[in-house]
Amino acid sequence: MSAPSSCLSCTQNAEETNRRPENWIAFDDHWRVSHAVGAAVAGWLVLVPRRHVVTIADLTDEEAVALGTWQVRLSRALHSVTGCAKTYIAQFAELAGFEHVHFHVVPRAGGLPHHFQGPRVFRLLGKPDQPPVMPTEVTRVSSALHSYLHDPSAPTAS
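Remember, predicted model here, so these are calculated numbers, not experimental data.

S.K.: If you had to explain helix H3 (residues 135-149) to someone new, which residues and values would you point to?
M.R.: Given a rise of 1.5 Å per residue, 15 residues ought to cover 21 Å, and the 21 Å separating the end C-alpha atoms of H3 matches this to within 8%. Among the residues of H3, Val138, Val141, Ser142, Leu145, Tyr148 and Leu149 are the ones counted as buried. All buried residues of H3 project into a common sector of 120 degrees when viewed along the axis, lining one side. Against the buried residues of H3 lie strand S1 (26-27), strand S2 (31-35), strand S3 (45-49) and helix H2 (61-82).

Below you can see the structure in the form of structure tokens.
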């Protein structure tokens, strides 16, 4: 399937020469990890296939295996870097321009108010009443996650 020119994920995947740290925290042949734009939570990650895919059913077997490994690795990295109590993982890919399959991997702090827990955590993404994390903090957390994920002594999901 060819990617539409309006696909933000495909545009970012193609930016081989301009890899901003928050958009390329980690990657392999199948997946890319970036920090969510407009998130009010530092460490809110997006796990994106490197090819254009609009439904989970269209993932290859190799992409599916790597997906499970990435979800565990990212959860461990977020626990280590942010000290979160747990991580949420969600996938919808319904918003115009964001139909490309992607998984939100969200660190949930121990003291997160109940009205933001579970699926209500999406009230902390792209909402004007919840200011996004400052760019300097996004860069700091992204760099720490990058270091953790590239540390050979870090726990792996294998």
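S.K.: Give a description of the sheet that holds S1 that names residues and reports values.
M.R.: Sheet architecture is open: 5 strands sit in the order S1-S2-S3-S5-S4, paired in antiparallel fashion. Only two strands of the sheet have a single partner each, and these edge strands are S1 and strand S4 (86-90). Relative to S3, S2 is paired through 5 bridges, and the arrangement is antiparallel. Counterpart to His35 in the pairing with S3 is Leu45.

S.K.: Before we move on, can you summarise the packing of aromatic side chains with the specific residues and values?
M.R.: In this structure the tally under the stated criterion is 3 aromatic pairs. Ring plane angle 65 degrees and centroid distance 6.0 Å describe the contact between Trp31 and Phe103, whose orientation is recorded as edge-to-face. Taken together, the residues span a long stretch of sequence, with Trp31 in strand S2 and Phe103 in strand S5 (residues 103-108) at a distance of 72 residues. The same class applies to Trp31 as to Phe103, namely buried. An angle of 75 degrees between the planes, with centres 5.6 Å apart, marks the rings of Phe92 and Phe122 as edge-to-face. A residue pair is termed long-range when its members are at least 10 positions apart, and Phe92 in the loop between S4 and S5 and Phe122 in the loop between S5 and H3 qualify at 30 residues. Of the residues examined, Phe122 reaches a relative accessible area of 22% and is grouped as partly exposed. Ring-pair connections join several aromatic residues into one group, and the members of that group are Trp44, Phe92 and Phe122. Sitting over the ring of Trp70, Arg73 keeps its end group 4.8 Å from the ring centre.

Calculation notes
- Residue indices begin from 1 for each chain and proceed along its sequence in written order.
- Local features in this predicted model are restricted to residues of pLDDT 70 or higher, and side-chain atom pairs are both shown and tallied only at a pLDDT of 80 or more, whereas totals for entire chains, interfaces and linings draw on every residue.
- Hydrogens are left out, water is left out, and the side-chain values use all remaining heavy atoms of the structure.
- Secondary structure elements are taken from DSSP: a helix is a run of H or I of four residues or more, a strand is a run of E of two residues or more, and numbering for both begins at the N terminus.
- Every helix has an expected span of 1.5 Å times one less than the residues it contains.
- Only protein chains enter the calculation, and the probe is 1.4 Å; a residue is then buried if its accessible area is under 20% of its type maximum, exposed if over 50%, and partly exposed in between.
- Working definition: the arc comes from the directions between the helix axis and the C-beta atoms, pointing outward to the latter.
- Should any heavy atoms of two residues lie within 4.5 Å, those residues are considered in contact.
- Here, any two strands with at least 2 DSSP bridges between them count as paired.
- For Phe, Tyr and Trp, where Trp contributes only its six-membered ring, two rings pair if their centres lie within 6.5 Å, and the inter-plane angle classes them as stacked under 30 degrees, edge-to-face over 60, or tilted in between.
- In this scheme, Lys NZ or Arg CZ marks a charge over a ring once it lies within 6 Å of the ring centre and within 35 degrees of the ring normal.

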